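Spelled out, the chains give:
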Amino acid sequence: MSGKIRTFLKEYPHAWAILYFAVYIPWFIWLESRASLPYHVIHFPLDDYIPFCEYFVIPYFLWFVYIAAVFTWLFFKDRNNFYRYILFLYTGMTLFLVVSTFYPNGHLLRPAEFERDNLFIRMVCFLYWADTSTNILPSIHVFNSIAAHAAVMHHSQLGHNKWTVRCSRLLCVSIILSTMFLKQHSCVDVILGIALAACLNQMVYESDFLVKAHNFVGKLVGDHRYLSPAFSRKIHGPAKDAEI
């Protein structure tokens, strides 16, 4: 078994990136444990005009598959774009944890009771039980969905497959809408999630920020072959423009 693990790590040295979840998950669980404590209510008048629709629970749960599928595909197929993807994801997810730690937030938009009972309502009830309406600013569902779609759009193969792009865009938009139609998030959370994703997209895909950052680190450590300017240009070279 240890031999297989060593072989796997040798072939996929970027597996270290998975260790991030050893920090994220306990931190997130701790934040959820504070759901009963006082928090700042997030609300915007537009929220009151958005109706509840239980059918959006399907794309909401598909978010987990969507994020994991892109993560797995890039992990095994494209190491360079995998690094871009996790930089995008992990930056936003970490900011989410920090904001929720120092600025406990939530909303009171969820229905107190349901007038009908069906499979989708029961799924929503499970969602409400498993994921409280706290720690919502910005929406990590929105942010990660845009990160996944950006990764698809900037991939040399996926980004040129029209059906992959269409399905990714449809799923991304559906997930964003689901956060509001299920009353999981205020539109404020959604807007800030989109704004944060737009900033990270510019930094990761549309600028030479990564090259400059990598070169700066390379100067600090000398001519280490994994941190040299030549290597950074190869890994972080500006990607071709892609429509998100």
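Provided above is the structure to which this section pertains.
The structure displayed is predicted, hence computed values, not measured ones. (Residues numbered from 1 in each chain as written. Predicted model: local features only at pLDDT ≥ 70, side-chain atom pairs only at ≥ 80, totals over all residues. Heavy atoms only, no water.)

A closer look at the nonpolar core
Turning to step 1, where the next piece is worked out: Among the nonpolar cores identified, the biggest contains 45 residues, and Tyr66, Val70, Tyr85, Phe88 and Tyr90 are the most heavily contacted of them.
Turning to step 2, where the next piece is worked out: Going through the elements one at a time, helix H2 (20-33), helix H3 (57-77), helix H4 (79-102), helix H6 (140-153), helix H7 (162-181) and helix H8 (187-205) are the ones with two or more residues in this core.
Turning to step 3, where the next piece is worked out: Every residue in contact with Tyr85, bar those within four places of it in the chain, is listed here: Ile67, Val70, Phe71, Leu74, Ala147, Ala148, Ala151 and Tyr205.
Turning to step 4, where the next piece is worked out: The next biggest cluster of nonpolar side chains, apart from the first, holds 8 residues, and it includes Val124, Leu127, Tyr128 and Leu182. (Core = buried A, V, L, I, M, F, W, Y, C linked by side-chain atoms within 4.5 Å. Buried < 20%, exposed > 50% of the residue type's maximum accessible area, 1.4 Å probe, protein only. Helix = DSSP H or I, 4+ residues; strand = E, 2+ residues; numbered from the N terminus. Contact = heavy atoms within 4.5 Å.)

Considering the layout of surface pockets
Turning to step 1, where the next piece is worked out: For the largest pocket, the calculated volume is near 660 Å³.
Turning to step 2, where the next piece is worked out: Around the largest pocket, the lining is made up of 32 residues, and of these Tyr24, Trp63, Phe64, Ile140 and His141 lie nearest the centre.
Turning to step 3, where the next piece is worked out: Among the secondary structure elements, those contributing two or more residues to the lining of the largest pocket are H2, H3, H4, helix H5 (119-130) and H6.
Turning to step 4, where the next piece is worked out: Tallying contributions element by element places H3 first for the lining of the largest pocket, with 10 residues.
Turning to step 5, where the next piece is worked out: When its residues are assigned to classes, the lining of the largest pocket shows 22 nonpolar, 9 polar and 1 charged. (1 Å grid on protein atoms, 1.4 Å probe; cavity = no way out; pocket = protein on both sides within 12 Å on 5 of 7 lines; lining within 4 Å. Points joined across faces, edges and corners; volume = space filled by probe spheres on them. Nonpolar A, V, L, I, M, F, W, Y, C, P; charged D, E, K, R; others polar.)

Observations concerning H8
Turning to step 1, where the next piece is worked out: Across its 19 residues, H8 extends 26 Å between first and last C-alpha, which sits within 8% of the 27 Å expected from 1.5 Å per residue.
Turning to step 2, where the next piece is worked out: Where H8 is concerned, the buried positions are Cys187, Asp189, Val190, Gly193, Leu196, Ala197, Leu200, Asn201, Val204 and Tyr205. (Expected span 1.5 Å × (residues − 1).)

Section: the packing of aromatic side chains
Turning to step 1, where the next piece is worked out: The full count for this structure, using the stated rule, is 26 aromatic pairs.
Turning to step 2, where the next piece is worked out: Seen in terms of ring centroids, Phe126 and Trp129 are 5.8 Å apart; in terms of plane orientation they differ by 40°. Their pairing is tilted. Of this pair, Phe126 and Trp129 both sit in helix H5, 3 residues apart, roughly one helical turn.
Turning to step 3, where the next piece is worked out: Assessed through its relative accessible area of 46%, Phe126 is described here as partly exposed.
Turning to step 4, where the next piece is worked out: Accessibility expressed as a relative area gives 67% for Trp129, which makes it exposed.
Turning to step 5, where the next piece is worked out: We note Arg34 situated over the ring of Trp30; from NZ or CZ to the ring centre the distance is 4.5 Å.
Turning to step 6, where the next piece is worked out: Seen from the ring of Trp163, Arg166 lies directly overhead, with NZ or CZ sitting 4.9 Å from the centre. (Phe/Tyr/Trp six-rings, centres within 6.5 Å; stacked < 30°, edge-to-face > 60°. Lys NZ or Arg CZ within 6 Å of the ring centre and 35° of its normal.)

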